[in-house]
Amino acid sequence: MLGEVLKNYIGGQWVESTSGETFDRKNPATGEHVATYTKSGAEDVDRAVAAANKAFKSWRLYPAPKRGEILYKVAQLLVDQKEQFAREMTEEMGKVISEARGDVQEAIDMTFYMAGEGRRMFGQTVPSELQNKFNMSQRKPLGVCGLITPWNFPMAIPSWKMMPALIAGNTVVFKPATFTPRTAVRFVEILEQAGLPAGVVNLVLGTGGDVGNAIVDHPDVPVIGFTGSTETGTAVATRAAALNKRVSLEMGGKNAVIVMHDADLDLATDGILWSAFGTSGQRCTAASRVVVHRKAQKELVERLVARAGGMRLGHGLDESVDVGRVVSGGQLNTITDSVAVGKAQRARLATGGKIGPKWPAWTPSR
């Protein structure tokens, strides 16, 4: 363990976990130490939910336009520190710096967007079937939202979940992925700097088994937002359904690009390469299949082989690199195993198929 331990944020205070345990994260491209983090469990989730419940009593009554003003401040702070956050993100999870900048930009865009919704929290009026009666509706927050987010878009996806929840008057318990906790800490630091009241957002660092399950099972968390694997998402949905919770899931995909014989093959090649190799292919929206008309197949394969074979692998902070390091040894094994499966199913390997020689000898942990 080196240097400062980055902590949970509960009730407006940066605090260590109840157990005092920690875990480390290394740069997947270099093996250099990124940071040490507090490792939490169910007791820490209990503290975070209690803080969120307490804050909900006042935050739900906070005027929505005023909530929006805080989010505008958050968005501007993200703008001001965009480059720093992007570089730290690349160091933590490996994707190229241009994509990391885009990740932060998505958080900026979502925060500005939701800030504006503070003045558009409209209800409805409808005609009554009864004499001298007036019908109306208004939007009301649900309470504490448990947000469980992945490592591949460590600032964008939390913003997609968190900002709509906050502008509507909900409070949040946020569990980021164990591969990208520093980005989550930075995000919450911005919320704190913008003046978000204590307890409105609470950050709990730790594993899915220890922290994620405790959030899903907690009786005082009526809403769950999860992005991750299909297997884990299915388990989250099953457990939450038994507790009559509202659930939002974003899970894995098996995505195909369809190319017809009259397609613009320059455009198709660009789209396929970006979809397949963006974020080193580590996205639920990444193309894992190309379905192509036989008349276009030969030329398209030739174009893809030429372009993919020329992509430069390396450290994501190098502006000339096209594909950064995958996030972990487990992810690397998944990719190489997929190549083996394709060969076993009699697919013809057109290019690549092995770990690039430009990678450093150090292999990231699982």
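Structure shown above.
Draft legend 1. Focus on the overall build of the protein chain. The helix and strand tally for the protein chain stands at 11 helices and 14 strands. The C-alpha radius of gyration of the protein chain comes to 23 Å, within 12% of the 21 Å expected for a compact globule of 366 residues. By principal-axis analysis of the C-alpha atoms, the protein chain measures approximately 70 × 60 × 40 Å. In the protein chain, which comprises 366 residues, the proportion classed as buried is 46%. Of all intrachain contacts in the protein chain linking residues separated by at least 6 positions in sequence, the fraction that spans at least 24 positions is 74%. When the accessible area of the protein chain is evaluated, it comes to approximately 18,300 Å², of which 52% is carbon and sulfur surface.

Draft legend 2. A look at helix α11 (residues 329-344). Compared with the 22 Å implied by 1.5 Å per residue over 16 residues, the 22 Å span of α11 between its first and last C-alpha is a close match. Gly329, Gly330, Leu332 and Gly342 are the residues of α11 that are buried. Just downstream of α11 lies Arg346, where phi reads positive at about 70°.

Draft legend 3. A look at the nonpolar core. One finds Leu78, Met163, Leu166 and Val201 to be the most contacted residues of the largest nonpolar core, which totals 52 residues. Apart from residues no more than four positions distant in its own chain, Met163 is found in contact with Leu71, Val74, Met110, Thr111, Met114, Pro158, Phe187 and Leu191. Ranked by size, the runner-up nonpolar core spans 19 residues in total, among them Ile10, Val49, Val216 and Phe226.

Draft legend 4. Spotlight on the sheet that holds strand β1 (residues 5-6). If you trace the 3 strands from one edge of the open sheet to the other, you get β1-β5-β4, paired in mixed fashion. Either end of the sheet is taken by a strand with one partner, and the two such strands are β1 and β4 (22-26). Running at roughly 70° to strand β5 (residues 33-38), helix α6 (residues 181-193) makes contact with β1, β4 and β5 of the sheet.

Draft legend 5. Broad picture of the pattern of salt bridges. Under the defined criterion, the tally for this structure stands at 16 salt bridges. For Arg101, the salt bridge is made with Glu319, and the minimal N-O distance between the two is 2.7 Å. With Arg101 in helix α4 (residues 97-117) and Glu319 in the loop between α10 (294-309) and α11, the pair connects residues that are 218 residues apart, well separated along the chain. A relative accessible area of 53% means that Glu319 is categorised as exposed.

Rules and cut-offs
- Residues numbered from 1 in each chain as written.
- Predicted model: local features only at pLDDT ≥ 70, side-chain atom pairs only at ≥ 80, totals over all residues.
- Heavy atoms only, no water.
- Helix = DSSP H or I, 4+ residues; strand = E, 2+ residues; numbered from the N terminus.
- Rg over C-alpha atoms; globule rule 2.2 N^0.38 Å.
- Buried < 20%, exposed > 50% of the residue type's maximum accessible area, 1.4 Å probe, protein only.
- Contact = heavy atoms within 4.5 Å.
- Areas by Shrake-Rupley, 256 points an atom, 1.4 Å probe, with all protein chains shown as cover.
- Expected span 1.5 Å × (residues − 1).
- Core = buried A, V, L, I, M, F, W, Y, C linked by side-chain atoms within 4.5 Å.
- Pairing = 2+ DSSP bridges.
- Axes fitted to C-alpha atoms, helices over the stretch in contact; angles between N-to-C directions.
- Salt bridge = Lys/Arg side-chain N within 4 Å of Asp/Glu carboxyl O.

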